[in-house]
Amino acid sequence: MKQRDIQVLQEMGITYWQVRKPELFPNQVLPVINLPAECKLLFITAEELDEHDAWLFGRILSSMKLAPSQALSLPLSALDQIAEHHLDWCWFAGCQGAHPSGCQVLNSASLKLMHNDPSSKKALWQQICSYDS
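Predicted model only: the values in this text are computed from it and were never measured.

Asks: Got a sec to walk through helix α2 (residues 51-63)? Specific residues and values, please.
Replies: With 13 residues, α2 extends 19 Å from end C-alpha to end C-alpha; this agrees with the ideal 18 Å at 1.5 Å per step. Here α2 has its buried residues at D53, L56, F57, I60 and L61. For α2, the angular spread of buried residues about the axis comes to 140°, placing them on one side. Opposite the buried face of α2, by more than 90 degrees, sit the exposed residues E51 and R59. Tucked inside the fold, the buried residues of α2 contact β1 (41-44), β2 (71-74), β3 (89-93), α3 (111-114) and α4 (118-132). One side-chain oxygen at the N-terminal end of α2 lies 3.0 Å from the backbone nitrogen of H52; it belongs to D50. Once α2 finishes, K65 follows within two positions and takes phi at roughly 60°, a positive value.

Asks: Give a description of the sheet that holds strand β4 (residues 104-108) that names residues and reports values.
Replies: Strand order in this open sheet of four strands is β2-β1-β3-β4, and the pairing throughout is parallel. Strand pairing shows two members of the sheet lacking a second neighbour, β2 and β4, which therefore form its edges. Each adjacent strand pair in this sheet contributes to an overall mean axis angle of 20°, direction not counted. As paired strands, β1 and β2 are joined by four bridges and run parallel to one another. Looking across to β2, one finds that L41 is bridged to A71. Strands β1, β2 and β3 of the sheet are contacted by α2, whose axis makes an angle of about 150° with β1. Set on the sheet, α4 makes contact with β3 and β4; between it and β4 the angle comes to about 170°.

Asks: Residues and numbers for the nonpolar core, please.
Replies: Counting residues in each nonpolar core, the largest one holds 17 residues, and the members touching the most others are L41, F57, I60, M64, W91 and L111. Of all elements in the fold, only β1, α2, β3, α3 and α4 reach the threshold of two or more residues within this core. Take this core: its biggest share by element is four residues, from α2. Dropping the residues within four chain positions of it, F57 is found in contact with L41, F43, A71, W91 and L111. In terms of nonpolar packing, the next biggest core, distinct from the first, is built from 16 residues, I33, L35, I82 and L87 among them.

Asks: Can you lay out the environment of K40 for me, pointing to particular residues and giving the numbers?
Replies: Turning to its location among the elements, K40 is positioned in the loop between α1 (3-11) and β1. The spatial distance from the C-alpha of K40 to the C-alpha of H86 is 6.3 Å, given a sequence separation of 46 residues.

Asks: Go over the packing of aromatic side chains with me, naming the residues and quoting the values.
Replies: The geometry of an aromatic ring pair is captured by two quantities: the separation of the ring centres and the angle between the planes. Applying the stated criterion across every chain, the model contains four aromatic pairs. Between the aromatic rings of F43 and F57, the centroid separation amounts to 4.7 Å while the plane-to-plane angle is 45°, which identifies the pairing as tilted. Of this pair, F43 sits in strand β1 while F57 is found in helix α2, placing the two residues 14 residues apart along the sequence. On the basis of relative accessibility, which here comes to 0%, the residue F43 falls in the buried class. On the basis of an interplanar angle of 85° and a centroid distance of 5.4 Å, the ring pair of W89 and Y131 is categorised as edge-to-face. Note that W89 is positioned in strand β3 and Y131 in helix α4, a separation of 42 residues in sequence. Since its relative accessible area comes to 34%, Y131 is described here as partly exposed.

Conventions adopted
Residues numbered from 1 in each chain as written. Predicted model: local features only at pLDDT ≥ 70, side-chain atom pairs only at ≥ 80, totals over all residues. Heavy atoms only, no water. Helix = DSSP H or I, 4+ residues; strand = E, 2+ residues; numbered from the N terminus. Expected span 1.5 Å × (residues − 1). Buried < 20%, exposed > 50% of the residue type's maximum accessible area, 1.4 Å probe, protein only. Arc of directions from axis to C-beta. Contact = heavy atoms within 4.5 Å. Polar contact = N/O pair within 3.5 Å; in protein donor to acceptor, adjacent residues only side chain to side chain. Pairing = 2+ DSSP bridges. Axes fitted to C-alpha atoms, helices over the stretch in contact; angles between N-to-C directions. Core = buried A, V, L, I, M, F, W, Y, C linked by side-chain atoms within 4.5 Å. Phe/Tyr/Trp six-rings, centres within 6.5 Å; stacked < 30°, edge-to-face > 60°.

Purely geometric stuff here, so don't read any function into it on its own.
As structure tokens, this is what we get:
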């Protein structure tokens, strides 16, 4: 199933099921997620974003000179399914994981926690700026 299809299901409130122990199903083929070529930032979080979180996310993207169309959000469990990509950034918000190769990694608190915590915003900004130097 393509990532766009998964996002459409999520927006409709339909759960997308994944096998947690694929080794129990040796003939099962894991779906591969093909990221669009214009996707430059992969946002990894376990939380659903509300309108306030989306606003903060958009502000951070614009400070990185990225458009919302250049970012995609995935749950941590989907990282193993990513095929080839053109990512510049992989941002883990409120979780940790193995990032796709060849991209710059950002780690931060979840967006929900960042709203009222200037120090976590500052720490994220310092990580972003460290890649520019």
